Structure formats: structure tokens, C-alpha cells
Amino acid sequence: MGNAEEKLMQQIMDMKFTSKSLQRQARKCEKKEKTEKLKAKKAIEKGNMDGAQIYAENSIRKRNEQMDYLRLASRLDAVIAWLDTQAKMTSMGKLDFKSLATENL
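Source: prediction; values computed, not measured.

Parameters at a glance
Residues numbered from 1 in each chain as written. Predicted model: local features only at pLDDT ≥ 70, side-chain atom pairs only at ≥ 80, totals over all residues. Heavy atoms only, no water. Helix = DSSP H or I, 4+ residues; strand = E, 2+ residues; numbered from the N terminus. Buried < 20%, exposed > 50% of the residue type's maximum accessible area, 1.4 Å probe, protein only. Contact = heavy atoms within 4.5 Å. Patch = residues over 30% accessible without salt bridge, like charges linked within 9 Å, V, L, I, M, F, W, Y side chains within 5 Å. Areas by Shrake-Rupley, 256 points an atom, 1.4 Å probe, with all protein chains shown as cover. Salt bridge = Lys/Arg side-chain N within 4 Å of Asp/Glu carboxyl O. Lys, Arg positive; Asp, Glu negative; His and termini not counted. Charge placed at Lys NZ, Arg CZ, Asp CG, Glu CD. Core = buried A, V, L, I, M, F, W, Y, C linked by side-chain atoms within 4.5 Å. Polar contact = N/O pair within 3.5 Å; in protein donor to acceptor, adjacent residues only side chain to side chain.

Undergrad: Is there a simple way to think about the overall build of the protein chain in this case?
TA: From N to C terminus, the protein chain includes 2 helices and 0 strands. Looking at the protein chain residue by residue over its 105 residues, the buried ones come to 18%. Taking the intrachain contacts of the protein chain between residues at least 6 apart in sequence as the baseline, contacts between residues at least 24 apart amount to 76%.

Undergrad: In this structure, what is going on with a positive patch on the surface? I would like to understand it.
TA: Taken together, the side chains of K16, K20, R24, R27, K28, K31 and K32 present a region of like positive charge at the surface. Positionally, R27 belongs in helix α1 (residues 2-46). With a relative accessible area of 48%, R27 lands in the partly exposed category.

Undergrad: Where do I start with the pattern of salt bridges in this structure?
TA: Any two side chains of opposite charge can pair, so long as their charged atoms come close to each other. Counted under the stated rule, the structure contains 5 salt bridges. Residue E33 is joined to K37 by a salt bridge in which the shortest nitrogen-to-oxygen separation is 3.6 Å. Here K37 and E33 lie together in helix α1, a separation of 4 residues that amounts to about one turn. Residue classification places E33 among the buried positions, given a relative accessible area of 8%. Note that K62 is salt-bridged to E65, the shortest N-O span being 3.6 Å. Of this pair, K62 and E65 both sit in helix α2 (residues 49-104), separated by 3 residues, roughly a single helical turn.

Undergrad: What is the right way to look at the environment of T18 in this model?
TA: Turning to its location among the elements, T18 is positioned in helix α1. Counting along the chain gives 55 residues from T18 to A73, while the straight-line C-alpha distance between them is 8.0 Å.

Undergrad: Explanation requested: the nonpolar core in the structure shown.
TA: Nonpolar side chains in soluble globular proteins generally cluster together in the buried interior. Formed by I12, L22, A73, L76, I80 and L83, the largest nonpolar core amounts to 6 residues. At the level of secondary structure, the elements contributing two or more residues to this core comprise α1 and α2. Per element, the largest residue contribution to this core is 4 residues, and it comes from α2. With residues up to four places along the chain from it excluded, the contact list for L83 reads L8, I12 and M15.

Undergrad: Which parts of the structure should I look at to understand the side chain of S19?
TA: Considering the arrangement of structural elements, one finds S19 in helix α1. Within the local environment of S19, its side chain forms a polar contact with the side chain of D77, the two groups lying 2.7 Å apart.

Distances and angles like these do not, on their own, reveal function.
In C-alpha cells form, the structure reads like this:
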């Protein structure tokens, strides 16, 4: 049974790593969004409306991508919290069972 608990804890750690990776990707998208906005602004100042439109579309796309990453990371954090709670409850149940067994002896 200990092997199953170790696998569960390993999966929880992997999920935590994935969540942090998703948050890192969201920050990268935010930076790219800002650069695309600046490019769009410069293109407008130069009178290049077609280029500005492309940069603005890229900026919007990066913003949506960032929100998707954050949403997915949030959902993953919720699953991690639920699994962590379940793992703790399982280990606490085993400890209670062992203590009851020794008291009855």
C-alpha cells in the first residue's frame, strides 16, 4: 500500500510542477502581449494601419492565450488541493486504525 501512496505523492508533485510551468507560460504571454501592443502603437504613429491591425490581433491572441494558461493552472491547483487532502485523510485513517488496534490489545 505504501507504493500506491508514493505514486500518488509523485503525481501530486508532477502536477505542481506542471501548474508552475503553466503560470510561467502565462507570464511569457503577458510580456509578448505588451510588446505586440507597443508595435501596434508604433505602426499607428507611422500610419501603417494594416501592420497595426496585425499587431493588435497578435496582442489579443496572446491575451487570450494567457487567460487560458491561467485558467488551466487554476483548475490544476484545485485538483492538486483535492488530491493532497485525500492523501492526508487516507494516511490519517491508517494511523487511527493502527492506534485503535493497539488499544484493543
